[in-house]
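Structural features, examined
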Amino acid sequence: MVMVTAVRDYINRMLQDISGMKVFILDSQTVSIVSVAYSQSELLQKEVFLVELVDSISMSKESMSHLKAVFFLRPTSENIQHLRRQLANPRFGEYHLFFSNMLKDTQIHILADSDEQEVVQQVQELYADFVAVEPYHFTLNISSNHLYMLPAVVDPSSLQHFCDRVVDGIAAVFLALKRRPVIRYQRTSDIAKRIAQETAKLMYQQESGLFDFRRTEVSPLLLILDRRDDPLTPLLNQWTYQAMVHELIGIQDNKVDLRNVGKVPKDQQEVVLSSEQDAFFKANMYENFGDIGMNIKRMVDDFQQVAKSNQNIQTVEDMAKFVENYPDYRKMHGNVSKHVTLVTEMSRIVEERKLMLVSETEQELACNGGQGAAFEAVTNLLNNESVSDIDRLRLVMLYALRYEKESPVQLMQLFNKLASRSAKYKPGLVQFLLKQAGIDKRTGDLFGNRDLLNIARNMARGLKGVENVYTQHQPLLFQTMESIIKGRLRDVDYPFIGNHFQQGRPQEVIFFVVGGTTYEESRSVALQNASNSGIRFILGGSAILNSKRYAVSRRKLGLDGLTMRPPLSRQHMTHCLNTCNYATYRLLSGGLMVRLFLKDLEEAQRIAKSSTNVV
């Protein structure tokens with residue numbers, strides 16, 4: 001309950017001490033923070049009769065002096081300007097200002113100068129600057145999540161903005177938990193190192209007093225990881241309930257949009273899928289697809305029994321009982337309808353895209369060897385007319401990650417096959433993935449074929465067999481948790497920041513994955529916590545990924561046809577790097593951003609530094 005409880009406590013503090021009718025004013029990010037932790041009925045119980053976005057409130061001039069305005073905003077310059085305009089012409093009787101993170105002194109001065117009519121009753125920092133989707137899983141919902149893949153030279157201001165948001169989110173998590181951690185990061189990742197350094201600077205230098213909590217015997221560990229160290233997990237199809245819904249339909253802030261799913265009643269077009277509000281989902285969110293079908297059948301049978309008893313109304317007492325139980329009956333009806341709709345739609349997609357066939361090959365690529373059989377299986381699926389373009393792309397990506405060094409000729413054949421069979425996705429996406437997350441760039445033993453212990457474990461599993469061929473994959477994060485529990489996380493792979501070292505095994509570990517987390521990893525964390533290992537793990541990231549978002553995120557960088565164009569000339573690279581003009585950078589590269597291969601960028605930087613001529 002730790003992350004959800006922290007956010008709920010902050011919302012309670014905002015609302016419970018302000019009596020009377022209230023309007024709750026949020027921004028585009030805090031609305032997500034609140035919606036996953038608090039239901040509309042709970043807000044009504046706190047006398048919140050109106051919820052609005054700050055940008056829409058700013059455009060309205062209607063006076064509502066009978067309402068008390070409770071603002072919960074991120075401390076951005078845009079929000080401060082919205083408040084400035086509001087305070088210049090107040091519409092509400094009172095203004096209670098709460099911010100999800102640390103305010104700058106200049107922002108406080110702007111608010112003070114703007115409050116000429118003295119309507120502001122309080123200004124507070126309440127550190128709920130993260131979306132607590134599950135008790136041990138949070139996200140920052142960064143829309144420009146793909147920016148972490150860019151070297152700083154390409155778009156330094158956007159990358160700095162990304163890093164600032166990540167550091168703010170991590171800081172808020174530890175302020176909410178009232179902890180100051182020891183910080184480690186993935187050695188092979190520049191972005192992880194940068195975020196670790198900036199976070200340490202904030203916690204131990206700039207705001208050291210704010211983070212000076214009562215010390216525990218062993219400080220918690222913050223481990224900053226790069227998504228590129230495990231590109232495998234977000235590319236795989238999922239077969240457990242929560243992960244499968246996100247993979248095939250999509251979950252955003254614990255809500256599922258069903259408007260494009262057949263004939264769905266109006267009240268079911270957007271449904272909530274939260275373990276805090278749905279007992280059936282809480283009990284089954286980590287169950288595999290086959291068990292979910294049987295469990296939903298049992299739920300439907302139970303509902304039919306209740307419905308039959310409600311039809312047998314003969315006396316006044318029966319009628320009174322029916323009226324008393326009607327809210328529960330209606331809630332049960334909505335719950336049954338929701339889960340039946342979700343499973344029916346997922347079954348349709350599985351059949352339409354032949355995902356059981358595709359997923360079996362995916363799992364073989366992820367967990368077992370055999371390059372020849374893998375090449376034949378992938379080739380056959382690329383030729384299968386029923387396999388979708390996105391599934392073809394994922395299969396080639398998985399094969400490339402597994403056999404990039406072993407079979408370059410066959411890999412080229414698959415690139416050509418993908419180019420001819422898929423009009424939508426090009427091999428450049430696969431090649432960029434290898435440049436970003438290939439074997440030379442990774443720290444961990446992704447396929448269990450580097451470390452002798454992992455090789456032995458895989459051999460034992462192969463001899464023993466697996467319980468379910470579709471769920472045999474374990475994310476790399478599982479190995480990392482095991483290493484921490486056994487005290488085997490190597491300093492050389494995950495260095496400490498500064499002179500703050502771990503004394504003994506930590507009791508609390510917070511992972512932050514730059515580039516995003518997956519629900520498969522969230523499941524591993526929840527199951528590990530349930531095993532009572534003596535360590536509490538919490539997982540966070542810049543976004544929550546499914547395979548489509550991860551596989552095609554590089555398209556936002558203009559990388560579709562990446563390798564179909566030769567590198568830029570020396571003069572063009574010099575000009576682009578010297579002028580630091582991102583728009584020019586894209587234009588001169590034909591929208592391909594100088595191939596964005598690291599070797600080209602390193603060469604471009606070297607040329608820019610050594611050259612004195614500008615084109």
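Scroll up to find the structure.
As a starting point, this report considers the structure included with it.

Quick notes on the rules
- Residues numbered from 1 in each chain as written.
- Predicted model: local features only at pLDDT ≥ 70, side-chain atom pairs only at ≥ 80, totals over all residues.
- Heavy atoms only, no water.
- Helix = DSSP H or I, 4+ residues; strand = E, 2+ residues; numbered from the N terminus.
- Contact = heavy atoms within 4.5 Å.
- Areas by Shrake-Rupley, 256 points an atom, 1.4 Å probe, with all protein chains shown as cover.
- Salt bridge = Lys/Arg side-chain N within 4 Å of Asp/Glu carboxyl O.
- Buried < 20%, exposed > 50% of the residue type's maximum accessible area, 1.4 Å probe, protein only.
- Axes fitted to C-alpha atoms, helices over the stretch in contact; angles between N-to-C directions.
- Parallel < 35°, antiparallel > 145°, perpendicular 65-115°, else oblique.
- Left-handed = near helix turned anticlockwise from the far one by under 90°.
- Nonpolar A, V, L, I, M, F, W, Y, C, P; charged D, E, K, R; others polar.
- Pairing = 2+ DSSP bridges.
- Right-handed = clockwise from strand over helix to strand, strands pointing away.
- Polar contact = N/O pair within 3.5 Å; in protein donor to acceptor, adjacent residues only side chain to side chain.
- Patch = residues over 30% accessible without salt bridge, like charges linked within 9 Å, V, L, I, M, F, W, Y side chains within 5 Å.
- Lys, Arg positive; Asp, Glu negative; His and termini not counted.
- Phe/Tyr/Trp six-rings, centres within 6.5 Å; stacked < 30°, edge-to-face > 60°.
- Lys NZ or Arg CZ within 6 Å of the ring centre and 35° of its normal.
- Core = buried A, V, L, I, M, F, W, Y, C linked by side-chain atoms within 4.5 Å.

A short note on the overall build of the chain
Each helix and strand in the chain was counted, giving 24 helices and 13 strands. Within the chain, contacts between residues separated by at least 24 positions form 81% of all contacts whose residues are at least 6 apart in sequence. If you sum the accessible surface of the chain, you get close to 28,400 Å²; carbon and sulfur atoms cover 50% of it.

Some remarks on the pattern of salt bridges
Scanning the entire structure with this criterion turns up 26 salt bridges. Across the salt bridge formed by R74 and D168, the nearest N and O atoms sit 3.5 Å from each other. With R74 in the loop between β3 (64-73) and α5 (77-88) and D168 in helix α7 (residues 156-177), this pair connects stretches of sequence that are 94 residues apart. Judged by relative accessible area, R74 falls into the buried class, the value being 7%. Judged by its relative accessible area of 27%, D168 is partly exposed. The closest approach of N and O atoms between R353 and D391, which form a salt bridge, is 2.8 Å. Note that R353 is positioned in the loop between α12 (316-352) and α13 (355-367) and D391 in helix α15 (residues 389-403), a separation of 38 residues in sequence.

With respect to helix α9 (residues 241-248)
Counting buried positions along α9 gives 8 out of 8 residues, so the element sits mostly inside the fold. The first or second residue beyond α9 is G250, which carries a positive phi of 110°.

Quick notes on the packing of α5 against helix α6 (residues 105-114)
Close contact between α5 and α6 brings their axes to 9 Å; oriented N to C, the two are set at 10°. It follows from the interaxial angle that α5 and α6 lie roughly parallel. Taken as a pair, α5 and α6 cross one another with a handedness that is right-handed. Packed against α5, whose contacting residues are S77, I80, L83, R84, L87 and A88, the element α6 presents Q107, I110, L111 and S114 at the interface. Taken together, the residues of the contact of α5 with α6 break down into 6 nonpolar, 3 polar and 1 charged.

Quick word on the pairing of strand β13 (residues 536-541)
Among the 6 residues in β13, 5 count as buried, and that is most of the element. Where strand β7 (residues 137-139) lies against β13, 3 bridges are found, and the strand directions are parallel. Each bridged residue has a counterpart across the sheet, and for F138 the counterpart in β13 is G540. For the crossover from strand β12 (residues 508-514) across helix α20 (residues 519-530) to β13, the handedness is right-handed.

Things to note about the side chain of Q268
Mapped onto the elements, Q268 comes out in the loop between β10 (255-257) and β11 (270-272). Using a relative accessible area of 9% as the deciding quantity, one classes Q268 as buried. Within the local environment of Q268, its side chain forms a polar contact with the backbone nitrogen of K338, the two atoms lying 3.4 Å apart. With near-sequence residues (within four places) excluded, Q268 lies in contact with L258, G334, S337 and K338.

Quick word on a nonpolar patch on the surface
Side chains of M21, L44 and F49 sit close together on the surface and give an oily, nonpolar patch of about 300 Å² of accessible area. Looking at the secondary structure, you find M21 in the loop between α1 (2-16) and β1 (22-26). By relative accessible area, M21 is classed as partly exposed at 38%.

Some details on the side chain of D27
By the element assignment, D27 lies in the loop between β1 and α2 (30-35). Of the buried charged residues, D27 lacks a salt bridge, with R74 as the closest side chain of opposite charge at 6.2 Å. A distance of 2.8 Å separates the side chain of D27 from the backbone nitrogen of Q29, its partner in a polar contact. A distance of 2.7 Å separates the side chain of D27 from the backbone nitrogen of T30, its partner in a polar contact. Those residues in contact with D27 that sit more than four places away from it in its chain are L53, V54, F72, L73, R74 and N79.

Focus on the packing of aromatic side chains
Aromatic ring pairs are defined here through the distance separating the ring centres and the angle between the ring planes. Applying the stated rule across the entire model yields 10 aromatic pairs. When the ring of F138 is compared with that of F512, the centres are 6.3 Å apart and the planes differ by 40°; the resulting orientation is tilted. Of this pair, F138 sits in strand β7 while F512 sits in strand β12, and the two are 374 residues apart along the sequence. Assessed through its relative accessible area of 1%, F138 is described here as buried. On the numbers, 5.0 Å between centres and 50° between planes, the contact of Y399 with Y403 is tilted. Here Y403 and Y399 lie together in helix α15, a separation of 4 residues that amounts to about one turn. A cation over a ring is seen here: R184 above F496, with NZ or CZ 4.3 Å from the ring centre.

Notes on the sheet that holds strand β6 (residues 131-134)
Spatial ordering of the open sheet is given by β6-β7-β13-β12-β9-β8, a layout of 6 strands whose pairing is mixed. Edge positions in the sheet fall to β6 and β8 (182-185), since each of these pairs with one other strand and no more. Sheet twist, expressed as the average angle between the axes of neighbouring strands with direction ignored, equals 25°. The pairing of β8 with strand β9 (residues 221-226) spans 4 bridges and is classified as parallel. If you follow Y185 over to β9, its bridge partner there is I224. Lying on the sheet, α1 is in contact with β6, β7 and β13; it crosses β6 at an angle near 135°.

Describing unusual backbone geometry
The general pattern is negative phi for most residues beyond glycine and trans for most peptide bonds. The phi angle at D253 is positive, at roughly 55°, despite the residue not being glycine. When you line up the elements, D253 lands in the loop between α9 and β10. The phi dihedral of N254 is positive, around 65°, even though this residue is not glycine. Following the sequence through the fold, N254 ends up in the loop between α9 and β10.

A word on the nonpolar core
In this structure, F24, F130, I224 and L393 are the most contacted members of the largest nonpolar core, which totals 140 residues. Among the elements that take part in this core, α7 stands out by supplying 13 residues, more than any other. Residue contacts for F130: discarding those within four places in its chain leaves M3, V7, I33, F138, T139, L140, G169, A172, V173 and A176. Listed in part, the 19 residues of the second largest apolar core include I25, M64, L73 and V119.

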